[in-house]
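Breakdown of the fold
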Amino acid sequence: MPLEDAAPVEKTAPTSRDRQARLATFAVFFVQGLTFATLLTQVAALQKKHGLSDGELTILLLVVPLIAGAGSALAGAAASRWGSRLILRLVQPLACAAVVLAGLAPNVPMLVAANVLFGLGLGGVDAGMNMQGVAVEREYGRAVLTGFHALWSVAAVVGSLWASAAATLGLGLPVTFAVALVPAAAVAVFASLWLYRPEEEHRAATVRAQVAGEAAGAGRPAGVAWRPIIPLCLAMAFLYVGDSSVSNFGTVFMDKVLHASATVVPLALGAYQLTTFLVRVGGDLAVRRWGPAAIVRAGGAVATLGFVAVVAAPTVPLAIAGFALTGIGLSVVAPQSFSAAGRLDPAGTGVAIARVNMFNYVGFIVGAALVGGLADASGFRVAFAAPLVLAAAIILLARGFQPRTADPATATTVVTP
């Protein structure tokens, strides 16, 4: 949660231990982004290898976010007892191994089993790495979480470029996956040694909860209303419909609609992830200058234009440009959704952020089902019109991101990072 929207906690300058944990968290985010992109850039190749129809591919892709939701919930419950460091040490190498197993799978049942394993790992790591990121942010006393997500995007670009290079070299899926993810698993294990231990991870959160309880003027924090959060939830869902469309079907679109070469096919996801990273690097400065509502509104407009370019693309370069524009637009929505949710939760309970985050999985599942179903019925050009419409709807939802005048009874102190 952004520290600007929370009651401040007294904190000295970051220690060497804090910097060590921050570096380890960067490594964890990098490995996660690399793992995600390494698998998803090969969706078209896996479809060809196993002779899957578009409908069967859709079902296969739906397995991942469904299982990831369960993995995330299990990780949350386990981390409250044993801390997120142990979760990451066990689960992140498992996610890397699952991708390698997907490449080795000789048949569809084995591929499904690998996908289930990957989904559990994906959800567990996603929860654990963000727990560590929030702990680092609290210890630093200023916003640093966006930087972790920016590095995730860098890793996804690296994964896309490696997929392109592997196709050029004529490497098979098992080798392509193993070359990237065996070293990545080793990095994850080593980095876990530097992550915050449970007592370190929960120390600042405990202090902050006490401060939030005092600010609320009661023994427990005030409740959070659903109504003002709904626009944020919808925007998050619509964002991830678009994101899952690009992540799951971008390579398939390039292959089946534009008949791009195996070397060029991964560049659709690469362009999307690259622009996502570039915008996130400077996103905070833009928000400070123009405000979150204006940035989200502009993001929705740019994402809509990007999907228009993809749907209408007569050539490969225009399609890649469309995916790049989509990354520019969608990249700003998730960070601002969490930030706005934090402003609606003055006691810092995390309830609003948890509610908004639920729609990450909703959007990803709906996106895979909607685009995959339309593609099976009417082709991928028609299918990509669905996220186009929902990206345009984000423009209308942007008003809900405008900061509200604080209630003097619950106002919190603003901390400038």
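This write-up is about the structure you can find in this document. Because the structure is predicted, anything quoted here is derived from the model rather than measured. (Residues numbered from 1 in each chain as written. Predicted model: local features only at pLDDT ≥ 70, side-chain atom pairs only at ≥ 80, totals over all residues. Heavy atoms only, no water.)

Moving on, we get to the layout of surface pockets. Over the atoms a probe the size of a water molecule is rolled, and this reveals where empty space is left. Counted as a void, the second largest pocket has a volume near 270 Å³. Lining the second largest pocket are 17 residues, and of these Q42, A45, A167, A262 and V265 sit closest to its centre. Elements represented by at least two residues in the lining of the second largest pocket include exactly α2 (43-50), α6 (145-169) and α7 (173-192). A class-by-class count of the residues in the lining of the second largest pocket yields 11 nonpolar, 4 polar and 2 charged. (1 Å grid on protein atoms, 1.4 Å probe; cavity = no way out; pocket = protein on both sides within 12 Å on 5 of 7 lines; lining within 4 Å. Points joined across faces, edges and corners; volume = space filled by probe spheres on them. Helix = DSSP H or I, 4+ residues; strand = E, 2+ residues; numbered from the N terminus. Nonpolar A, V, L, I, M, F, W, Y, C, P; charged D, E, K, R; others polar.)

Before going further, it helps to spend a moment on the pattern of salt bridges. Per the stated rule, a full pass over the model turns up 4 salt bridges. Of the charged contacts in the structure, one is a salt bridge between E200 and R17, with a shortest N-O distance of 3.0 Å. With E200 in helix α8 (residues 198-215) and R17 in helix α1 (residues 16-40), the pair connects residues that are 183 residues apart, well separated along the chain. With a closest N to O distance of 3.4 Å, D255 and K48 form a salt bridge. Of this pair, D255 sits in helix α9 (residues 230-256) while K48 is found in helix α2, placing the two residues 207 residues apart along the sequence. (Salt bridge = Lys/Arg side-chain N within 4 Å of Asp/Glu carboxyl O.)

Let us now look at the environment of A340. In this fold, A340 is placed in helix α13 (residues 333-343). With a relative accessible area of 3%, A340 lands in the buried category. When the C-alpha positions of A340 and P228 are compared, they lie 9.7 Å apart, and in sequence the two are 112 residues distant. Every residue in contact with A340, bar those within four places of it in the chain, is listed here: L232 and F401. (Buried < 20%, exposed > 50% of the residue type's maximum accessible area, 1.4 Å probe, protein only. Contact = heavy atoms within 4.5 Å.)

The subject of this paragraph is the side chain of Q273. Relative to the elements of secondary structure, Q273 occurs in helix α10 (residues 267-290). For Q273, a relative accessible area of 3% puts it in the buried group. The contact partners of Q273, leaving out residues within four places of it in the chain, are W152, S153, A156 and V157.

Further remarks concern the packing of α2 against α9. For the pair α2 and α9, the least separation of the axes is 7 Å and the interaxial angle reads 70°. The angle between the axes of α2 and α9 places the two elements in the roughly perpendicular class. Taken together, the residues of α9 that come into contact with α2 (itself represented by V43, A44, Q47 and K48) are N248, T251, V252, D255 and K256. Classifying every residue of the contact of α2 with α9 by side-chain character gives 3 nonpolar, 3 polar and 3 charged. (Axes fitted to C-alpha atoms, helices over the stretch in contact; angles between N-to-C directions. Parallel < 35°, antiparallel > 145°, perpendicular 65-115°, else oblique.)

Right, let's talk about the environment of D126 for a bit. Looking at where D126 falls in the secondary structure, it is placed in helix α5 (residues 108-140). Along the primary structure D126 and V28 are separated by 98 residues, whereas in three dimensions their C-alpha atoms are 9.7 Å apart. The contact partners of D126, leaving out residues within four places of it in the chain, are Q32, N360 and Y361.

Before going further, it helps to spend a moment on the packing of aromatic side chains. Summed over all chains, the structure comprises 9 aromatic pairs. When the ring of F307 is compared with that of F384, the centres are 6.4 Å apart and the planes differ by 40°; the resulting orientation is tilted. Of this pair, F307 sits in helix α11 (residues 292-312) while F384 sits in the loop between α15 (380-383) and α16 (385-397), and the two are 77 residues apart along the sequence. Take F307: its relative accessible area is 0%, and that puts it in the buried class. On the basis of relative accessible area, F384 is assigned to the buried category, the value being 0%. Between F323 and F384, the ring centres sit 6.1 Å apart and the planes meet at 80°, which makes this aromatic pair edge-to-face. (Phe/Tyr/Trp six-rings, centres within 6.5 Å; stacked < 30°, edge-to-face > 60°.)

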